[in-house]
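Overview (structure and organization)
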Amino acid sequence: MAERRKQFPFDEFEPKWQGHWEKNKTFSVPNPGEAGFDASKPKYYVLDMFPYPSGAGLHVGHPEGYTATDIITRYKRMNGFNVLHPMGWDAFGLPAEQHAIKTGEHPRINTENNTNNFRRQLKSLGFAYDWEREINTTDPAYVKWTQWIFLQLYHSYFCEEENKAKPISELEAKGLSREEIDNRRLAYVAETPVNWSPDLGTVLANEEVEEWRAKGHTVERRPLKQWMLRITAYAQRLIDELEGLDWPNGIKLLQTNWIGRSDGAEVDFTIDGEKVTVFTTRPDTLFGATYMVLAPEHPLVEAITTDEQKAAVAEYQKTCAGKSDLERTELAKEKSGVFTGGFAINPVNNEKIPVWIADYVMMSYGTGAIMAVPAHDERDNEFAEKFGIDIIEAVKAPEGNEEKCFTGNGTAVNSGFLDGLPTPEAKEKIAAWLEEKGLGKKTINYKLRDWLFSRQRYWGEPFPIVWRDGNHEALPESELPLLAPELEDYKPTGTPEPLLSKATEWVDLGDGVKRETNTMPQWGGSCWYYLRYCDAQNPDAPISDEAEEYWMAKNGNPGGVDLYVGGTEHAVLHLLYARFWHKVLFDLGHVSTPEPFQKLVNQGLIMGEDGQKMSKSRGNVVNPDDVVALYGADSLRLYEMFMGPLEQVKPWSMKGVEGVFRFLARVWRLVMDSNQEGEWELSSKLAEIDPGKSTNKVVHATIKKVGDDIDAMSFNTAISQMMVCTNELTKLEQLPVSSLVTLLQVLNPFAPHLTEELNAKLAAAFDSVSGDDLAGQTWPEFDEDCLVEDEIEIVLQVNGKVRDKIMIPNEASKEEVEALAMESEKVKSFIDGLTVRKVIVVPGRLVNIVAN
RNA sequence: GCUGGCGUGGUGGAAUGGUAGACACAACAGACUUAAAAUCUGUUGGCUUUCGAGCCGUGCGGGUUCAAGUCCCGCCGCCAGUACCA
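Report on the accompanying structure. Please read these numbers as outputs of a predicted model, since none were measured by experiment.

About the criteria used
Residues numbered from 1 in each chain as written. Chains lettered and ligands numbered in written order. Predicted model: local features only at pLDDT ≥ 70, side-chain atom pairs only at ≥ 80, totals over all residues. Heavy atoms only, no water. Buried < 20%, exposed > 50% of the residue type's maximum accessible area, 1.4 Å probe, protein only. Helix = DSSP H or I, 4+ residues; strand = E, 2+ residues; numbered from the N terminus. Pairing = 2+ DSSP bridges. Contact = heavy atoms within 4.5 Å. Axes fitted to C-alpha atoms, helices over the stretch in contact; angles between N-to-C directions. Phe/Tyr/Trp six-rings, centres within 6.5 Å; stacked < 30°, edge-to-face > 60°. Lys NZ or Arg CZ within 6 Å of the ring centre and 35° of its normal. Patch = residues over 30% accessible without salt bridge, like charges linked within 9 Å, V, L, I, M, F, W, Y side chains within 5 Å. Areas by Shrake-Rupley, 256 points an atom, 1.4 Å probe, with all protein chains shown as cover. Salt bridge = Lys/Arg side-chain N within 4 Å of Asp/Glu carboxyl O. Lys, Arg positive; Asp, Glu negative; His and termini not counted. Charge placed at Lys NZ, Arg CZ, Asp CG, Glu CD. Arc of directions from axis to C-beta. Polar contact = N/O pair within 3.5 Å; in protein donor to acceptor, adjacent residues only side chain to side chain.

**Observations regarding the pairing of strand β33 (residues 791–798)**
Among the eight residues of β33, six are classified as buried, and the element is accordingly described as predominantly covered. Examined bridge by bridge, β33 and strand β34 (residues 801–809) share eight bridges and lie antiparallel to one another. Residue pairing across strands places I794 opposite I806, the latter belonging to β34. Hairpin remark: β33 followed by β34, antiparallel, with two residues in the connecting loop; positive phi at N799, about 50°. Judged from the four bridges that link them, β33 and strand β36 (residues 846–851) form a sheet pairing that is parallel. Bridging across to β36, L796 finds its partner in V847.

**A short note on the sheet that holds strand β9 (residues 220–229)**
Pairing within the open sheet is antiparallel, and its four strands lie in the order β8-β7-β9-β19. Taken across any chain shown, the strands that pair with only one partner, and hence form the sheet edges, are β8 (202–204) and β19 (451–452). Bridging between strand β7 (residues 187–197) and β8 involves three bridges; their strand directions are antiparallel. Directly across from N195, in β8, lies its bridge partner L204. Sheet contacts for helix α5 (residues 140–154): β7 and β9; angle to β9, the most-contacted strand, approximately 85°.

**Topic: the packing of aromatic side chains**
Overall, the coordinates contain 54 aromatic pairs when judged by the stated rule. Where Y550 meets W551, the ring centres are 4.8 Å apart and the plane angle is 80°; that geometry is what we call edge-to-face. Neither Y550 nor W551 differs from the other in exposure class; each is buried. Taken together, the ring pairs in this structure connect F150, Y154, F158, W227, Y234, W451, F453, F463, W523, Y577, F580 and W581 into an aromatic cluster. If you follow R74 out to its NZ or CZ, it ends over the ring of W21, 4.9 Å from the centre.

**A few points about the sheet that holds strand β24 (residues 563–566)**
Read from one edge to the other, the open sheet built from four strands follows the order β2-β1-β24-β26, with strand pairing classed as parallel. Across the chains shown, the open sheet's two edge strands, defined by having one partner strand only, are β2 (82–84) and β26 (600–602). On average, adjacent strands in this sheet sit at an angle of 20° to one another, irrespective of strand direction. Taken together, the three bridges between strand β1 (residues 43–48) and β24 define a ladder with parallel strand orientation. Bridge pairing links D48 to V565 in β24. Contacts from helix α2 (residues 61–78) reach β1, β2 and β24, with the element oriented near 170° to β1.

**Things to note about a negative patch on the surface**
A surface patch of like charges, here negative, comprises D673, E677, E679 and E681. For D673, the position within the fold is in strand β29 (residues 672–674). Under the relative-accessibility criterion, D673 is labelled partly exposed at 32%.

**Focus on helix α14 (residues 378–387)**
Within the sequence span of α14, burial applies to D380, N381, F383 and A384. Take α14 and look down its axis: the buried residues cluster within an arc of 165°, on one side only. On the buried face of α14, the contacting elements are β12 (291–294), β14 (352–357) and β15 (369–372). Taken from the residues just after α14, G388 is the one with a positive phi, measuring 65°.

**Some points on the side chain of T305**
Summarising the element assignment, T305 is placed in the loop between α11 (301–304) and α12 (310–321). Residue classification places T305 among the buried positions, given a relative accessible area of 8%. Within the structure, T305 has its side chain in polar contact with the backbone oxygen of V301 (distance 2.6 Å). Excluding its chain neighbours within four sequence positions, the residues that come into contact with T305 are K310, V313 and T340.

Worth remembering: the numbers are spatial, not functional.
In structure tokens:
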């Protein structure tokens, strides 16, 4: 790259100010009770989604959200808040373990290198983090409390009556058996079919499968004994309590749909005297049920299959078992299924209906069995048409509806005692009827499944659990943290046996007592990190009560963190898991709000210069280090905010970076001039003079707009206003120092290095300029009087079209404005020969004359 | 298919129902310079023009309104998420 002459010496003053902030701990904020804590100030907690420190280093997507929160942080500080703005590392994870497998090196080494690189990069951007609160999820002091929270879950159950978690000791006091108690824990062991990857040597969450397959790893289904967390107990609260949160509607909806509540009824059918329960959201269509479908894995299939159908059924079951859930849905274009030979009795009319098995019914949802109503369900309709099964109408569609399969609300027909009832009433009546006869009841089902919480990895938190005589037992708190032992090598075992089982000495505690060898998923550490920041060094608790009450509450909102910024990719994973853990901790009295995050903002993806997603293979990745080297940190920060609205997806443009770089250079040149020797010296235009009316106007308009725009997180328009202001100041022959200082103050949250440097230079030369860091100064106030003008421009429209613009006195009345408008020659020429019907005067804006 | 979101100059994007295109990028022209870079100034939605200006224009079609990029109805296109959840 050709050497370019720096338009301002950012490479000198940026590191200087970063060192200054670090040395003076400018952005450290004390906790209640600590020295320097100012209880009179309100708190504001601004949180970034902490990064996984990958080997690739920071990409330009990270500083997007981080700059936004940094601006808010600095702005809130200047407005008198105690601002908590921390950073840390989500450092457990598969890539570090993959590296360890390849090199034989402990994953901690690689993780540490990557973390150091990330920290260096973030510091080079001048973010106002309180680095004294830095945390790392792999740190033993942190692992200890992640394990401690797991034990809280383990030692709790969900009380249905009170709709909250309570200590397991209550069940012990009631004399429940060990098995009964273990079956109610929020953390429990169950055998379920999971996604197992032999070459990764671990199970994967459903959400992770696609990613690792794409990287060439194999993933198969197999039943394994796993640790589960009972998130389903919180399904309703996780839906309901979204209400009070200031989150994007899209994310709320995503979570609501993910949890997937559906209201319906369970209905008991009988097959050869054996009871089979189905779940339906449309019990009102019971009279239209013409067949039944069981999931291929349904336990009753074998018993009801007739001899002549045995072979076909077994064959079909075999095909289904070989498919993963994904393949099952991918190949779902065409309905398939097999008749079992059995028949079920419909409880409402005692009709005999054939029982089929088909893979469009899932064992894991509802009861794994459905009544099929082909007249009013699209899937059943498709199936019935393919296999020639009867279709009986049970709901009359409203007039004019011609759909062949009507799924909406109508009027019950062919339905015995329901006939004539509108769908909602029919639902109520049949439910009451079923309950009265003991044939069924109203039920709610959720799509949400319990959370599979164990992995067979090495690089994760070991479970603080031991096994004795086939039963699990919790370690006492005093034995935390439980750390994984060093291994000879990190290669997968090749079986579902967890990697830690290789450490036989660590596992075997004698007397047949063995350690649990599974580890927790990465989500564990990220589920509560926002709490730890509040009291990052506390050796005695995950967080002290005082710190929790101050930083996580105090303003009457359900959520504790005031602002949380990050990508959408966590909409249903991290954000759901963290809410769940938080609610458990809330129920058990460890936190004071029911929700962790009050306001959530998603930053949009930054695409490559070619409009494509940035990726190594496309070669369109932008490295922030390169941008900082060429244009400085302030330019990178400013550009990322100037690109467009934060939430929006937008492409990178190096030319755009140059644009904001030029803007910063113009600001620099307002203060500094280059002399004959090419050295920078204070501009001769600077003067301690009264700014005058027009300069005051633009400066005060800038104070107002920038403040409003930061509040609205509309950073791009704030920057354009500062550009307007700078362009105005550039035109002046003599530059009022006070106006310049104001510009530096409002620009400071965006470009902190440049503004501090220039302010320091001004302070050295002018007595009227404070030598205090801008970061510690108060946000300037704007004077409303400076914004009003004596004369304002009014647009004159005739029939909605702009015909003229006139200057009028500010205080002109509506009547005066109208009279002035009518005097316009242009207006006269356009209404010549027409009759004026109406005149609309919008004060301060326009006059519209309606004439024909 | 369903659910969200979005369609504005050559480009990124501005516009409490009230002057569409702020601010910036790119392009073109000029000043400075031996030259280049940097910097500064000007022009830049389209069409027509007698150079005064006029007409058209925010994906398409309709509607509400004195006034619509903005609100309503119906389409089309793009992006994201999700996928047989009974």
